[in-house]
Amino acid sequence: MSGIVELTKVTKDYPLGKLSVRAIDAVSISIGKGEFTAIAGPSGSGKTTILNMIGCMDVPTTGTVSIDGTITNNLYDHALTELRLNRIGFIFQSFNLINVLDAYQNIEFPLLLQGTLSGKARKARVNEMLEKVGLTKQSGQRPNELSGGQRQRVAIARALVTNPAIVLADEPTANLDSTTGTAIVELMRDLNKNEGITFIFSTHDPKVMDRATRLVMVADGRVVE
Amino acid sequence: MSALILMVRLAVRNVRAHLIKNLVIGVILVFGTFVVVTGAAMIDSLDVVMRRSITTSVTADVQVYDANARDPLALLGDMNFGGSDNGEVADYRTVRDVLAAVPEVRTTLPMGLGNATVFGANELDRTLDSLREAEEAGDPAKVAMLVDRIRRIAGDLRPELERVDNITNDTERVAESRAALDRVIAETFPAEYALSPVPTIDWMDNAVAPLATDGRLAYFRLLGTDLPAFQENFPRMQITRGTGVPANERGIILNESMVEQWLKHPIAREFDAIEKLYDPEDDGPQEVIGESGTIYDRVQRTSRQYRRILYQLDTEEIAVLEPKLRALLADQSTDMPGLLKAYLAVSDENFATRKAFFYTEIAPLVRLYDINVGDTLPLRAFTKSGYLKSLNVKVYGVYSYTGVAKDDSAAGAYCLVDMLTFRDLYGKMTDAQRAELHDIKAAVGAVELSGGTIEDQLFGGGSALEAEVATTSTLAALDDVSFGRADARVQQTFTQDQMESGVVTNIAIFLKDPDASEAGIAAILAATDAAGLTLTAVGWKTASGFIGQAAMMIQLVLFVAVLVLFLVAIVIINIALVLATLERTAEIGTMRALGAQARFVTLLLVVESQLVGLVSAVFGGGLAIGFVNWLNDFGVPADNDFLSILFGGKAMYPEWRPENVALGVGLVLAVSFVATIYPAILAARVPPVVALQGKE
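Residues numbered from 1 in each chain as written. Chains lettered and ligands numbered in written order. Predicted model: local features only at pLDDT ≥ 70, side-chain atom pairs only at ≥ 80, totals over all residues. Heavy atoms only, no water.

1. Focus on the overall build of chain B
Link 1 in the chain: Across its full length, chain B carries 30 helices and 12 strands.
Link 2 in the chain: Among the 696 residues that make up chain B, the fraction classed as buried is 47%.
Link 3 in the chain: The contacts of chain B with a sequence gap of at least 6 include a subset with a gap of at least 24, amounting to 77%.
Link 4 in the chain: For chain B, the accessible area works out to roughly 33100 Å², and carbon and sulfur atoms hold 59% of it. (Helix = DSSP H or I, 4+ residues; strand = E, 2+ residues; numbered from the N terminus. Buried < 20%, exposed > 50% of the residue type's maximum accessible area, 1.4 Å probe, protein only. Contact = heavy atoms within 4.5 Å. Areas by Shrake-Rupley, 256 points an atom, 1.4 Å probe, with all protein chains shown as cover.)

2. Some details on the interface of chain A and chain B
Link 1 in the chain: Taken together, the contact between chain A and chain B spans 33 residues of the former and 26 residues of the latter.
Link 2 in the chain: Buried area between chain A and chain B, both sides added, is near 2700 Å², and the carbon and sulfur share of it is 58%.
Link 3 in the chain: Our count for the chain A to chain B interface comes out at two salt bridges.
Link 4 in the chain: The salt bridge involving arginine 592 of chain B is made with aspartate 77 of chain A; its shortest N-O contact spans 2.7 Å.
Link 5 in the chain: Where chain A meets chain B, there are 10 residue pairs in polar contact (both at pLDDT 80 or more).
Link 6 in the chain: Put simply, the parts of the chain that give the side of chain A that touches chain B at least two residues each are helix H1 (47–54), helix H2 (77–87), helix H3 (103–114) and helix H5 (148–160) of chain A.
Link 7 in the chain: Counting residues per element, the side of chain A that touches chain B draws most heavily on H2 of chain A, at six residues. (Buried area = accessible area lost by both parts, 1.4 Å probe. Salt bridge = Lys/Arg side-chain N within 4 Å of Asp/Glu carboxyl O. Polar contact = N/O pair within 3.5 Å; in protein donor to acceptor, adjacent residues only side chain to side chain.)

3. Some thoughts on the side chain of serine 45 of chain A
All names here are of chain A.
Link 1 in the chain: Mapping serine 45 onto the fold places it in the loop between strand S3 (36–40) and H1.
Link 2 in the chain: Here proline 42 takes part through its backbone oxygen, which lies 2.7 Å from a polar atom of the side chain of serine 45.
Link 3 in the chain: Not counting residues up to four positions away in its chain, the partners in contact with serine 45 are Ala23, Val218, Ala219, Asp220, Gly221 and Arg222.

4. Some details on the packing of aromatic side chains
Residue and element names in this part refer to chain B.
Link 1 in the chain: Counting across every chain of the model gives 18 aromatic pairs over all chains.
Link 2 in the chain: Where phenylalanine 189 meets tyrosine 193, the ring centres are 6.4 Å apart and the plane angle is 40 degrees; that geometry is what we call tilted. Here tyrosine 193 and phenylalanine 189 lie together in helix H7 (residues 189–195), a separation of four residues that amounts to about one turn. The pair formed by phenylalanine 189 and tyrosine 193 is uniform in burial state, with each residue classed as buried. (Phe/Tyr/Trp six-rings, centres within 6.5 Å; stacked < 30°, edge-to-face > 60°.)

5. Observations regarding the nonpolar core
Link 1 in the chain: In this structure, Leu7 of chain A together with Leu10 of chain B are the most contacted members of the largest nonpolar core, which totals 53 residues.
Link 2 in the chain: Within the second largest apolar cluster, 52 residues are counted, among which are Leu131, Met145, Leu313 and Phe357 of chain B. (Core = buried A, V, L, I, M, F, W, Y, C linked by side-chain atoms within 4.5 Å.)

6. Points about helix H6 (residues 178–195) of chain A
All names here are of chain A.
Link 1 in the chain: Given a rise of 1.5 Å per residue, 18 residues ought to cover 26 Å, and the 25 Å separating the end C-alpha atoms of H6 matches this to within 8%.
Link 2 in the chain: The complete set of buried residues in H6 reads Gly181, Ile184, Val185, Leu187, Met188, Arg189, Leu191 and Asn192.
Link 3 in the chain: Taken together, the buried residues of H6 touch S3, helix H4 (119–132), H5, strand S7 (166–170), strand S8 (198–203) and helix H7 (206–211).
Link 4 in the chain: Just beyond H6, the residue with positive phi is glycine 196, at close to 70 degrees. (Expected span 1.5 Å × (residues − 1).)

7. Re unusual backbone geometry
Residues and elements named next belong to chain A.
Link 1 in the chain: Even without glycine at this site, alanine 26 takes up a positive phi of about 50 degrees.
Link 2 in the chain: With respect to the helices and strands, alanine 26 occurs in strand S2 (residues 19–31).
Link 3 in the chain: With a phi angle near 55 degrees, asparagine 163 is a residue other than glycine that sits in the positive phi range.
Link 4 in the chain: You can call asparagine 163 exposed: its relative accessible area is 56%.

8. Some remarks on the sheet that holds strand S1 (residues 5–16) of chain A
All names here are of chain A.
Link 1 in the chain: Across the sheet, which stays open at both edges, the four strands sit in the order S2-S1-S4-S5 with antiparallel pairing between neighbours. The sheet terminates laterally at S2 and strand S5 (70–71), the two strands that pair on one side only.
Link 2 in the chain: Contacts between H1 and the sheet are confined to S1, S2 and strand S4 (62–67), with S1 contributing the most and set at about 115 degrees to the helix. (Pairing = 2+ DSSP bridges. Axes fitted to C-alpha atoms, helices over the stretch in contact; angles between N-to-C directions.)

9. Brief notes about the sheet that holds S3 of chain A
Residue and element names in this part refer to chain A.
Link 1 in the chain: One open sheet accounts for six strands, arranged S6-S7-S8-S3-S9-S10; its pairing is mixed. Of all strands in the sheet, those with a lone pairing partner are strand S6 (88–91) and strand S10 (222–223), marking the two edges.
Link 2 in the chain: Docked against the sheet, H2 engages S6 and S7, running at close to 80 degrees with respect to S6.

10. A short note on the side chain of threonine 55 of chain B
Residue and element names in this part refer to chain B.
Link 1 in the chain: Topologically, threonine 55 is positioned in helix H2 (residues 19–59).
Link 2 in the chain: The class for threonine 55 is buried, based on a relative accessible area of 7%.
Link 3 in the chain: From its side chain, threonine 55 meets the backbone oxygen of arginine 51 in a polar contact 2.4 Å long.
Link 4 in the chain: Setting aside chain neighbours within four positions, we find threonine 55 in contact with Met50, Ala60, Asp61, Phe234, Phe510 and Trp540.

11. A few points about helix H11 (residues 266–277) of chain B
In an α-helix there are 3.6 residues to a turn, and that puts residues three or four apart on one side.
Link 1 in the chain: In this model, H11 of chain B (12 residues) spans 17 Å end to end at C-alpha, consistent with the 16 Å of a helix rising 1.5 Å per residue.
Link 2 in the chain: Of the residues making up H11 of chain B, those classed as buried are Pro266, Ile267, Ala268, Glu270, Phe271, Ala273 and Ile274 of chain B.

12. Some words on the environment of alanine 576 of chain B
Residues and elements named next belong to chain B.
Link 1 in the chain: Tracing the chain through its elements places alanine 576 in helix H25 (residues 546–583).
Link 2 in the chain: The buried category is assigned to alanine 576, whose relative accessible area is 16%.
Link 3 in the chain: Distance in space between the C-alpha atoms of alanine 576 and lysine 21 is 6.9 Å, their sequence separation being 555 residues.

13. Some remarks on the pairing of strand S9 (residues 506–511) of chain B
Residue and element names in this part refer to chain B.
Link 1 in the chain: Most of S9 sits inside the fold, with six of its six residues counted as buried.
Link 2 in the chain: On S9, burial covers both faces: Asn506, Ala508 and Phe510 on one face and Ile507, Ile509 and Leu511 on the other are all buried.
Link 3 in the chain: Where strand S1 (residues 62–66) lies against S9, four bridges are found, and the strand directions are antiparallel. Across the sheet, the residue bridging to tyrosine 65 is asparagine 506, located in S9.

Spelled out as structure tokens, the structure:
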């Protein structure tokens, strides 16, 4: 296993009453460090399940998942949470900012959970991220005072603030207009190129797929190409 | 630390974000804190004033009595209405000596509890007694006046007798009574009386006096004790009339409320009772005499009791009173009974005037109290073996408890007698008296009989009847026995030694540190157990009986109220938080996805609810402090006698203590915490994957 993300014959079954539904079936993917990978496919194809596995939010029924060298299959919730906090950044389709916190505090949130930086260093890091996503002037605004694009920029800054090994983005442009969506994808691509951050995102938007350096197509729970 | 900063920041922001929900929860918790702090402050204050009131009235700090007593000690009354059997402590001095060695004990007092009756003579009896005294004193003017009064009373009783005749079959007795009354009423009676005064008085004693039925039976609760020591140790007891009983002398000090209840002139008592119903300080419904209802019926009954005044008036007194009554009533009648009846038929309009008239014009002419200081009180009581025993005791004074409303009957309103009178009245013998009885038995050859052989022992065991006739020599042996007990009854003084050696029913104990009563009780019990005495010791609250338990009941009621309130609060807060948690599933999932541990989420909810709890508790506690301070300024009025006993006065001035506030705040925080447990568990179970499903 040489990739930063290694999925080997991963299968995930979800119970549905007395039956079980197989969401993904024997999926094997290897993603290298610094890749800008799109996982694409129609709705219900299993791309979100694959992101769940990579994001340590779920564990496979069979097969193995390795994130930055750590096999997650047998980890307890506590260890999975640690892994998410320290190695993975998340960008959500619906931005998922914490409404009661302003932009600055939303970005600061994972740093406070980590508790490793001093107050001064934390402030410098948050301001640096605000600058990178171009929201220095909006740092004191609450999510409901920001546009969709600005919210997603805050979400990107929050995902990157802990210097994660991988950033996962679930349909990052789905709730944005075309122009804003393109700008967000460009921002992610710039960060990938300039800072070597590994991006893995699910999408069914062809424009977004075009910007990916690697495309993983999923259909009916299987990787098709 | 940074996680804590984040948690507090989130908690504060979330509390503000969900303002309505948290306001609802906050109001409940503010109310809860207010109730707890106010209630705890009131109960603590009540405890303090009750202790001050009760321990300084009659209970002292600790009471010791027979461990095998049938009923628990209840000095301020129980449900047995005075019929309690609290057992006996065989010898006070033995116990006192044991207790004197207990370091916690400051002083002890002997006590004996019992009930007694006093049968008040009717007005004819009293007049005949006065007549006899006037004859002995050779005072013809007074004799004439008293004979005249007796004739008036007889004249008043005559129509009553006709009414009795209509409802009785005992015509012979009615005929005898009619003849007796007619003889006294007759114009010739004074001359007839003058011929043989004393035999005529004796005849009236037997034939006429029983026809008057206005005698009254009074009930007293008696407390035998070391009277000077009682006065010294119970400072709330104040002599209001007369004096205390001198040391080592027999005598009684009456309780003022008992005197008012049992010995005051019935008409005066009725006026007092009606006035009490008008008491403007009474928060109850304003009662009026009106034309029907309880108070109206009471007035009707009172107006029929005009004889209570009439029988006590001489001709001269009637001559003084009659014109004043006519003026008051604007009635020119010369019929004194009629005038008195009209006078006593009070209404809402004239009540105040009539009452004032009674105390200014009538009271000086009649006997306001049946027994006065200096009189001898004929006490009667049943001994333990069931015999009725009578004893005359001199009344030295009247006392009341300071700081208690007019009627302190619930505050252990005992009439206080010396210990020797108590023992004599209830047939409780000292060891010396028992030894004396033993000597008497020995002298007359009395034999203890028992079991199934009583008949044999009595009648000789054989078929032949054997009867032993007491010989002159056996009876003569009685001459050698000193009847010291009989002497003691007439002996008005006694020694401290006699007072201390003998039976008591209970012993009052004052501790050096009244706050350490539990340690004191333990030390007392250890000492009495070690001495082989079968005694029990109880604190003032238990010893006080009904009233002490009432305080515990109030505590219990408050506890139940707070419990119900907080159970409701827990349910409401729980539901509100569960709903809030469900609403916040996406937010919680996001936090979990971003790396927040389940513990963080749990703690976040707890911090949020504790924050609401703390703010509410501070606000509720502040309100309660303000309220208690306000009550402290104005006082909680004792609307009734029961409360005046509890409060030790006409009002209680509650004070809050820091521990009351701590209790309120602590309980509210605990309630908030308990109410958060389930929602917090739910929140911790929210999986991070929800973040990918949720909408913002």
